[in-house]
Amino acid sequence: MDLKTTYISPSVTKQRGYTLDELNTIPLDQQMTPESFASVVKMYTTELAPERLAQADLSISTTLELEMYRKDASAFWSLNTFTLIRDPHGCR
């Protein structure tokens, strides 16, 4: 689990000013406000708990409203969906 973004829509690329490759070079805590990052950490702690991950057939996906930074350093609110991608054997 590298926690890298695997897809962003072209409209998000335009809105944020970053390409997917650029975003993946920026640590997650620097892509959003501290309050939003705390929400993400809480979500990961809950959703990726060992007992949940052990359920290979469990689909794990959560949507959060987060205050993100644009390339020009301005902030905006965005609805973000985080989905655990597993291999065919249910492993992460």
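That block above? That's the structure.
Residues numbered from 1 in each chain as written. Predicted model: local features only at pLDDT ≥ 70, side-chain atom pairs only at ≥ 80, totals over all residues. Heavy atoms only, no water.

**Let's talk about the overall build of the protein chain**
Our working definition: To qualify as a helix, a DSSP run of H or I must reach at least 4 residues; to qualify as a strand, a run of E must reach at least 2; elements of each kind are numbered from the N terminus. Only protein chains enter the accessibility calculation, which uses a 1.4 Å probe. A residue is then buried if its area is under 20% of the maximum for its type, exposed if over 50%, and partly exposed in between. Should any heavy atoms of two residues lie within 4.5 Å, those residues are considered in contact.
Secondary structure assignment for the protein chain yields four helices and two strands. Listing every helix and strand of the protein chain by position from the N terminus yields α-α-α-α-β-β. For the C-alpha atoms alone, the extent of the protein chain along its principal axes is close to 40 × 25 × 20 Å. Expressed as a percentage of its 92 residues, the buried residues of the protein chain come to 32%. Sequence separation of at least 24 residues holds for 43% of the intrachain contacts in the protein chain that already meet a minimum separation of 6.

**A look at the packing of aromatic side chains**
To be explicit about the condition: Only rings of Phe, Tyr and Trp enter the pairing, Trp through its six-membered ring, and a pair is recorded when the two centres are within 6.5 Å. The plane angle decides the type: under 30 degrees is stacked, over 60 is edge-to-face, the rest tilted.
On inspection of all chains with the given rule, the structure shows one aromatic pair. Seen from their ring centres, Tyr44 and Phe82 are 6.0 Å apart, and the 75° between their planes marks the pair as edge-to-face. Pair noted here: Tyr44 is in helix 3 (residues 34-47) and Phe82 is in strand 2 (residues 75-83), with a separation of 38 residues, a long-range link. Of the two residues, Tyr44 and Phe82, both sit in the buried class.

**As for unusual backbone geometry**
With the exception of glycine, most residues fall at negative phi, and the peptide bonds are largely trans. In this structure, Ala73 takes a positive phi of about 80° despite not being glycine. Among the structural elements, Ala73 can be located in the loop between strand 1 (61-69) and strand 2. Overall, the relative accessible area of 60% leaves Ala73 in the exposed class.

**Section: the side chain of Glu47**
Note the threshold: Under the rule applied, a polar contact is a pair of N or O atoms within 3.5 Å (in protein, one hydrogen donor and one hydrogen acceptor; residues adjacent in sequence only if both atoms are side-chain atoms).
Checked against the element boundaries, Glu47 lands in helix 3. The exposure class assigned to Glu47 is buried, which follows from its relative accessible area of 17%. Of the polar contacts made by the side chain of Glu47, one reaches the side chain of Arg52; its length is 2.7 Å. Not counting residues up to four positions away in its chain, the partners in contact with Glu47 are Arg52, Ile60 and Thr62.

**A short note on the pattern of salt bridges**
Note the following rule: One side-chain nitrogen of Lys or Arg within 4 Å of one carboxyl oxygen of Asp or Glu is enough to make a salt bridge.
In total, this model carries two salt bridges according to the counting rule given. For Glu22, the salt bridge identified is with Lys71, shortest N-O distance 2.8 Å. One end of the pair, Glu22, is in helix 2 (residues 20-23); the other, Lys71, is in the loop between strand 1 and strand 2, and 49 residues separate them in sequence.

**Structural notes on the pairing of strand 1**
Moving residue by residue along a regular strand, the side chains alternate between the two faces of the sheet. For the record, the criterion: Two strands qualify as a pair provided DSSP detects at least 2 bridges between them.
Of the two faces of strand 1, only the one carrying Thr62, Leu64, Leu66 and Met68 is buried; Ser61, Thr63, Glu65, Glu67 and Tyr69 on the other face are not. Bridging between strand 1 and strand 2 involves nine bridges; their strand directions are antiparallel. Pairing of Tyr69 across the sheet is with Ala75, part of strand 2. In textbook terms, the turn of a hairpin is the stretch between consecutive antiparallel strands, and for strand 1 and strand 2 this stretch comprises five residues, one of which, Ala73, has a positive phi near 80°.

Any link to function would need more than the numbers given here.
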